[in-house]
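Coordinates in review
Given next are the chains, with one letter for each unit.
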Amino acid sequence: MSNFFAMVNRMKLIDRWALMRSASKENIAEHSHGVAVISHALCIIGNKKFGKNYNAERCAVLALYHDATEVITGDMPTPVKYYNEEIKSVYRDIEKKAGERLVAMLPDEFKEDFEPFFEKRDGDEELWRIVKAADKIGALIKCIEECRAGNREFEIALKSQRKIVDNIEMPEVKYFKKEFLPAYELTLDEHTK
């Protein structure tokens, strides 16, 4: 019996933004889906607009699993996770061990297929950069949604996340920001006009 997929299924139980009062809860399964959609879009944008040769489908799958280790570690709040280099390093080791533990739950014949989602491999560096950028865009979108819901708790986070996304030096991100991000500010009625 393998526990791997049952554990991954528990992503829906791990809430994000634990230190913030949210108008709408977000769990890591929902977040990972959003990051996968944005990662896929960034790859398509890169391929169509900027002559890149990204594997969009692989990037989307990397994004789906990018926070899966949190079913073991929980979601460490960003201010804690990145407080200093020592904590960042320790947390990276914890995430690595959690990934190894998850992969160990698979039958041997499937381990090599899933290991790259938990242990970064040569050749996937560009895709992981895209996943990281999509993760930042996803955080910005969450802040936009919360502020649109009247939740002042996210006002400073919105400014911070907007600055982080503004500073990502990737043409795909700049294009997404210009072409697609403004729509997240609209109401349903404005979307359907």
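Everything discussed here concerns the structure shown above.
Now for a quick tour of the structure. (Residues numbered from 1 in each chain as written. Predicted model: local features only at pLDDT ≥ 70, side-chain atom pairs only at ≥ 80, totals over all residues. Heavy atoms only, no water.)

Turning our attention to the overall build of the chain. When helices and strands are tallied, the chain shows 11 helices and 0 strands. Taken from N to C terminus, the helices and strands of the chain fall in the order α-α-α-α-α-α-α-α-α-α-α. Rg of the C-alpha trace for the chain: 17 Å, near the compact-globule value of 16 Å for 193 residues, within the 12% margin. Along the longest, intermediate and shortest principal axes, the C-alpha atoms of the chain span 50 × 40 × 35 Å. Split by element, the accessible area of the chain, about 11,600 Å² in all, is 52% carbon and sulfur. Each charge sign in the chain was given a centre, from 31 positive and 34 negative side chains, and these centres are 5 Å apart. (Helix = DSSP H or I, 4+ residues; strand = E, 2+ residues; numbered from the N terminus. Rg over C-alpha atoms; globule rule 2.2 N^0.38 Å. Areas by Shrake-Rupley, 256 points an atom, 1.4 Å probe, with all protein chains shown as cover. Lys, Arg positive; Asp, Glu negative; His and termini not counted. Charge placed at Lys NZ, Arg CZ, Asp CG, Glu CD.)

Attention shifts here to the pattern of salt bridges. Applying the stated criterion to the full structure yields 15 salt bridges. We note a salt bridge from Lys111 to Asp108, for which the minimum N-O separation is 2.8 Å. Placement of both Lys111 and Asp108 in helix α7 (residues 108–114) is noted, with a separation of 3 residues, approximately one turn of the helix. Of the charged contacts in the structure, one is a salt bridge between Asp166 and Lys177, with a shortest N-O distance of 2.7 Å. In this pair, Asp166 is assigned in helix α9 (residues 155–166) and Lys177 in helix α10 (residues 171–179), connecting sequence segments 11 residues apart. When its relative accessible area of 33% is taken as the criterion, Asp166 is described as partly exposed. Taking relative accessible area as the criterion, Lys177 reaches 28% and is therefore assigned partly exposed. (Salt bridge = Lys/Arg side-chain N within 4 Å of Asp/Glu carboxyl O. Buried < 20%, exposed > 50% of the residue type's maximum accessible area, 1.4 Å probe, protein only.)

What follows is about helix α2 (residues 28–50). Here α2 contains 23 residues, and its C-alpha end-to-end distance of 31 Å stays within 8% of the 33 Å for a straight helix at 1.5 Å per residue. Buried within α2 we find Ile28, His31, Ser32, Val35, Ala36, Ile38, Ser39, Leu42, Cys43, Ile45 and Gly46. Of the surrounding elements, those touching the buried residues of α2 are α3 (56–65), α4 (70–73), α8 (125–148) and α10. Where α2 begins, the capping side chain belongs to Asn27, and its oxygen is found 2.9 Å from the backbone nitrogen of Ala29. Gly51 sits one or two positions beyond α2 and adopts a positive phi of about 65 degrees. (Expected span 1.5 Å × (residues − 1). Contact = heavy atoms within 4.5 Å. Polar contact = N/O pair within 3.5 Å; in protein donor to acceptor, adjacent residues only side chain to side chain.)

A cluster of nonpolar side chains, Leu19, Val80, Tyr83 and Ile87, forms an exposed patch at the surface whose accessible area comes to about 400 Å². Tracing the sequence through the fold places Tyr83 in the loop between α5 (78–81) and α6 (85–104). (Patch = residues over 30% accessible without salt bridge, like charges linked within 9 Å, V, L, I, M, F, W, Y side chains within 5 Å.)

Tallying each qualifying case throughout the model produces 12 aromatic pairs. Cluster of aromatic residues (ring-pair linked, three or more members): Phe4, Phe5, Tyr65, Phe114, Phe117 and Phe118. (Phe/Tyr/Trp six-rings, centres within 6.5 Å; stacked < 30°, edge-to-face > 60°.)

Right, let's get into the layout of surface pockets. Of the voids in this model, the largest pocket is the one considered here, and its volume is about 1,400 Å³. Around the largest pocket sit 39 residues that line it, and Asp67, Lys81, Tyr82, Glu95 and Asp135 are the ones nearest its centre. Only α5, α6, α8 and α9 provide two or more residues apiece to the lining of the largest pocket. The element best represented in the lining of the largest pocket is α8, accounting for 7 residues. Looking at side-chain class alone, the lining of the largest pocket contains 18 nonpolar, 6 polar and 15 charged residues. Within this model, the second largest pocket holds a volume of roughly 220 Å³. Forming the boundary of the second largest pocket are 13 residues, of which Glu26, Glu30, Gly34, Ile38 and Ile141 lie nearest the centre. (1 Å grid on protein atoms, 1.4 Å probe; cavity = no way out; pocket = protein on both sides within 12 Å on 5 of 7 lines; lining within 4 Å. Points joined across faces, edges and corners; volume = space filled by probe spheres on them. Nonpolar A, V, L, I, M, F, W, Y, C, P; charged D, E, K, R; others polar.)

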